[in-house]
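# Close look at the chain arrangement
Chain by chain, the residues run as shown.
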Amino acid sequence: MADIIGVRFKNMGKLYYFDPDGHSFQRGDKVVVETSHGLDCGEVAMANREIDDKELVKPLKKVVRPASPDDIQHAQENVEKEKRAFEICLEKIKLHKLDMKLVNVEYTFDNSKILFYFTADGRVDFRELVKDLASVFRTRIELRQIGVRDEAKMLGGLGICGRPFCCSQFLSDFQPVSIKMAKEQGLSLNPTKISGACGRLMCCLKYEQELYEDLIKITPKTGAIVSTKEGRGIVTGSNLLSGEVMVLLDKSPDSPPIVVNVRDIKVIRDNRSRDDMDEIEDLEILED
């Protein structure tokens with residue numbers, strides 16, 4: 001077992017493990033640690049705890065020191081510098097007439113490098129822009145092209161549910177989401193209703209998918225031939241969450257379908273419409 005803490009460097013960034021080096025930290029404490037980009041100041045998101053060595057990627061770096069008031073002030077000063085760098089970079093992008101959208105700017109804690117995050121439809125030749133920025137800031141410049149989901153995570157906003165974006169609130173990593181999930185959950189396959197502000201499938205489709213997968217295994221699909229206490233019939237619809245299945249009986253085809261609990265029917269022949277599969281394939285462009 002190893003004693004570790006979890007540290008984040010962005011509002012809802014990925015959680016990284018560090019060796020507390022004998023210190024006891026509480027959630028919300030600021031610490032200075034060694035990263036692949038050099039020293040950085042992060043926030044403790046997970047207090048001291050022991051976990052199995054198998055869950056760690058060795059070697060585990062140690063916390064350099066608890067953040068001092070000077071460290072915290074320096075991090076706040078960097079935030080102000082980032083705002084100025086953002087405005088300057090916007091001017092330079094316009095000057096060089098580049099087809100790119102600046103999203104965010106980050107200073108490394110030791111000010112040895114500035115990272116500019118942007119989105120673009122294709123490849124962008126920003127070599128002259130980098131030279132121009134380097135001459136202004138007199139430090140290393142790095143431009144990173146990011147995707148639309150990363151842009152939404154950085155900028156934040158409100159989803160169609162009226163709540164802040166999940167990715168900017170509590171999701172540390174993006175989970176794979178597929179159009180098949182929307183279909184299995186009985187949602188409309190209208191792209192405008194199942195897509196987030198980023199234009200990709202909503203992350204929340206993943207939340208209940210495991211439950212729906214379990215329910216689908218025990219619920220006959222529309223078009224399946226089943227046997228009920230009232231006789232044989234064909235499934236015309238179902239409610240996965242309530243376990244109710246609508247069955248049109250063979251002996252009374254002109255009557256409304258009867259509602260039967262899934263436990264009270266026996267499947268004679270299951271079915272899956274090819275049209276459904278074609279619809280899913282047509283909408284897979286929404287997936288990453």
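Above this note sits the structure.
This write-up is about the structure you can find in this document. Not measured: the values here are computed from a predicted model.

Turning our eyes to something else, we now look at the sheet that holds strand β9 (residues 225–228). Taken in spatial order, the 5 strands line up as β12-β11-β10-β9-β13 in an open sheet, and their pairing is antiparallel. Edge positions in the sheet fall to β12 (258–261) and β13 (266–269), since each of these pairs with one other strand and no more. Ignoring which end each strand starts from, the neighbouring axes of this sheet average 45° apart. Here strand β10 (residues 231–239) pairs with strand β11 (residues 244–249) via 6 bridges, running antiparallel. Pairing of I234 across the sheet is with L248, part of β11.

Let us now look at the nonpolar core. Most often, soluble globular proteins keep nonpolar side chains buried together rather than apart. Counting 19 residues, the largest nonpolar core has M100, F116, L133, F137 and L143 as its most contacted members. Contributing elements (two or more residues each) for this core: α1 (69–96), β6 (101–107), β7 (113–119), α2 (127–137) and β8 (140–145). It is α1 that contributes the most residues to this core, 4 residues altogether. What F116 contacts, discounting residues up to four positions off in sequence, is A85, C89, L102, N104, V105, L133, F137, I141, E142, L143 and R144.

Enumeration over the complete set of coordinates arrives at 5 aromatic pairs. Here F9 and F18 contribute two aromatic rings whose centre-to-centre distance is 6.3 Å and whose plane-to-plane angle is 85°, an arrangement assigned as edge-to-face. The class of F9 is partly exposed, set by a relative accessible area of 27%. For the ring pair F116 and F137, a centre distance of 6.3 Å and an interplane angle of 45° mean the geometry is tilted. One end of the pair, F116, is in strand β7; the other, F137, is in helix α2, and 21 residues separate them in sequence. With a relative accessible area of 1%, F116 lands in the buried category. Its relative accessible area of 13% is what places F137 among the buried residues. Chaining the aromatic ring pairs together yields one cluster made of F9, Y16 and F18. A cation sits over an aromatic face here: K153 above F174, 5.8 Å from the ring centre.

Basis of the calculations
Residues numbered from 1 in each chain as written. Predicted model: local features only at pLDDT ≥ 70, side-chain atom pairs only at ≥ 80, totals over all residues. Heavy atoms only, no water. Pairing = 2+ DSSP bridges. Helix = DSSP H or I, 4+ residues; strand = E, 2+ residues; numbered from the N terminus. Axes fitted to C-alpha atoms, helices over the stretch in contact; angles between N-to-C directions. Core = buried A, V, L, I, M, F, W, Y, C linked by side-chain atoms within 4.5 Å. Buried < 20%, exposed > 50% of the residue type's maximum accessible area, 1.4 Å probe, protein only. Contact = heavy atoms within 4.5 Å. Phe/Tyr/Trp six-rings, centres within 6.5 Å; stacked < 30°, edge-to-face > 60°. Lys NZ or Arg CZ within 6 Å of the ring centre and 35° of its normal.

This is a description of form; function is not addressed.
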